[in-house]
Amino acid sequence: MSEKIDPTAAEYHYVQLAEILERRIRAGEFAPGTRIPGEMVLAQEYGIGNQTVRRALVILRDKGLVVTVHARGTFVVRELPDS
């Protein structure tokens, strides 16, 4: 992890995390069809709460970048939408 959540930024932490994860997805760090780290892992990695991670994942789902499968996790879609 090179990017961090900026606690002094005006942007909400969940928005910052969504932007970081989107950049990581588009850069190919998380390949299409692969599972991204779970909520607890992301919360620990970025030093934020689970609810903040959940809100960030909702943004990514709304953008069509990930899908969540109950009891399996969150996966990058096979074909990324244009930015």
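Just above, that's the structure.
Criteria and thresholds
- Residues numbered from 1 in each chain as written.
- Predicted model: local features only at pLDDT ≥ 70, side-chain atom pairs only at ≥ 80, totals over all residues.
- Heavy atoms only, no water.
- Pairing = 2+ DSSP bridges.
- Helix = DSSP H or I, 4+ residues; strand = E, 2+ residues; numbered from the N terminus.
- Salt bridge = Lys/Arg side-chain N within 4 Å of Asp/Glu carboxyl O.
- Buried < 20%, exposed > 50% of the residue type's maximum accessible area, 1.4 Å probe, protein only.
- Expected span 1.5 Å × (residues − 1).
- Core = buried A, V, L, I, M, F, W, Y, C linked by side-chain atoms within 4.5 Å.
- Contact = heavy atoms within 4.5 Å.
- Polar contact = N/O pair within 3.5 Å; in protein donor to acceptor, adjacent residues only side chain to side chain.
- Axes fitted to C-alpha atoms, helices over the stretch in contact; angles between N-to-C directions.
- Parallel < 35°, antiparallel > 145°, perpendicular 65-115°, else oblique.
- Left-handed = near helix turned anticlockwise from the far one by under 90°.
- Nonpolar A, V, L, I, M, F, W, Y, C, P; charged D, E, K, R; others polar.

Chemist: Whenever I open this one, the pairing of strand β1 (residues 66-69) confuses me. Can you help?
Modeler: Each regular strand displays side chains that alternate between the two surfaces of the sheet. By the bridge criterion, four bridges tie β1 to strand β2 (residues 73-76) in an arrangement that is antiparallel. Bridge pairing in β2 links Val-69 to Gly-73. If you look at the hairpin formed by β1 and β2, you'll find three residues sitting between the two strands, and Ala-71 has a positive phi there, around 65 degrees.

Chemist: Honestly, the pattern of salt bridges in this entry has me stumped. Any pointers?
Modeler: Close approach of charged atoms lets side chains of opposite charge pair. Scanning the model with the defined rule gives six salt bridges in all. The partner of Glu-3 in a salt bridge is Arg-23, and the shortest N-O contact between them spans 2.5 Å. In this pair, Glu-3 is assigned in the segment before α1 (13-26) and Arg-23 in helix α1, connecting sequence segments 20 residues apart. For Arg-23, a relative accessible area of 41% puts it in the partly exposed group. Between Glu-45 and Arg-24 there is a salt bridge, with its nearest N and O atoms 3.3 Å apart. Residue Glu-45 is found in helix α2 (residues 39-46), and its partner Arg-24 is found in helix α1; the two are separated by 21 residues along the sequence.

Chemist: How should I be thinking about α1 in this particular structure?
Modeler: Side chains three or four residues apart in an α-helix point the same way, a direct result of the helix having 3.6 residues per turn. With 14 residues, α1 extends 20 Å from end C-alpha to end C-alpha; this agrees with the ideal 20 Å at 1.5 Å per step. Within the span of α1, buried status applies to Tyr-14, Gln-16, Leu-17, Ala-18, Ile-20, Leu-21, Glu-22, Arg-24 and Ile-25. Looking at the residues trailing α1, positive phi occurs at Gly-28, about 90 degrees.

Chemist: I tried to follow the nonpolar core on my own but got confused; where do I start?
Modeler: In this structure, Leu-17, Leu-21, Ile-25, Tyr-46, Val-53 and Leu-60 are the most contacted members of the largest nonpolar core, which totals 20 residues. For this core, the elements supplying multiple residues, two or more each, are α1, α2 and α3 (50-62). Looking at this core, the element that brings in the most residues is α1, giving six residues. Residue contacts for Leu-17: discarding those within four places in its chain leaves Ile-5, Tyr-46, Ile-48, Val-53 and Ala-56.

Chemist: What am I meant to see in the side chain of Gln-16 here?
Modeler: Looking at the secondary structure, you find Gln-16 in helix α1. Judged by relative accessible area, which is 7%, Gln-16 ranks as buried. Separated by 2.7 Å, the side chain of Gln-16 and the backbone nitrogen of Asp-6 make a polar contact. Other than its neighbours up to four places away in sequence, Gln-16 contacts Lys-4, Ile-5, Asp-6, Ala-9 and Glu-11.

Chemist: Looking at this model, I keep getting lost on the packing of α1 against α3. Mind explaining?
Modeler: When two helices pack together, you describe them by how their axes are tilted relative to each other and by the distance separating the axes. At a closest axis distance of 8 Å, the pairing of α1 and α3 adopts a crossing angle of 55 degrees. When the axis of α1 is compared with that of α3, the two are oblique. Judged by the twist between their axes, the crossing of α1 over α3 is right-handed. The residues of α3 that touch α1, namely those facing His-13, Tyr-14, Val-15, Leu-17, Ala-18, Leu-21, Glu-22 and Ile-25, are Thr-52, Val-53, Arg-55, Ala-56, Leu-57, Ile-59 and Leu-60. Grouping the amino acids of the contact of α1 with α3 by side-chain chemistry returns eleven nonpolar, two polar and two charged.

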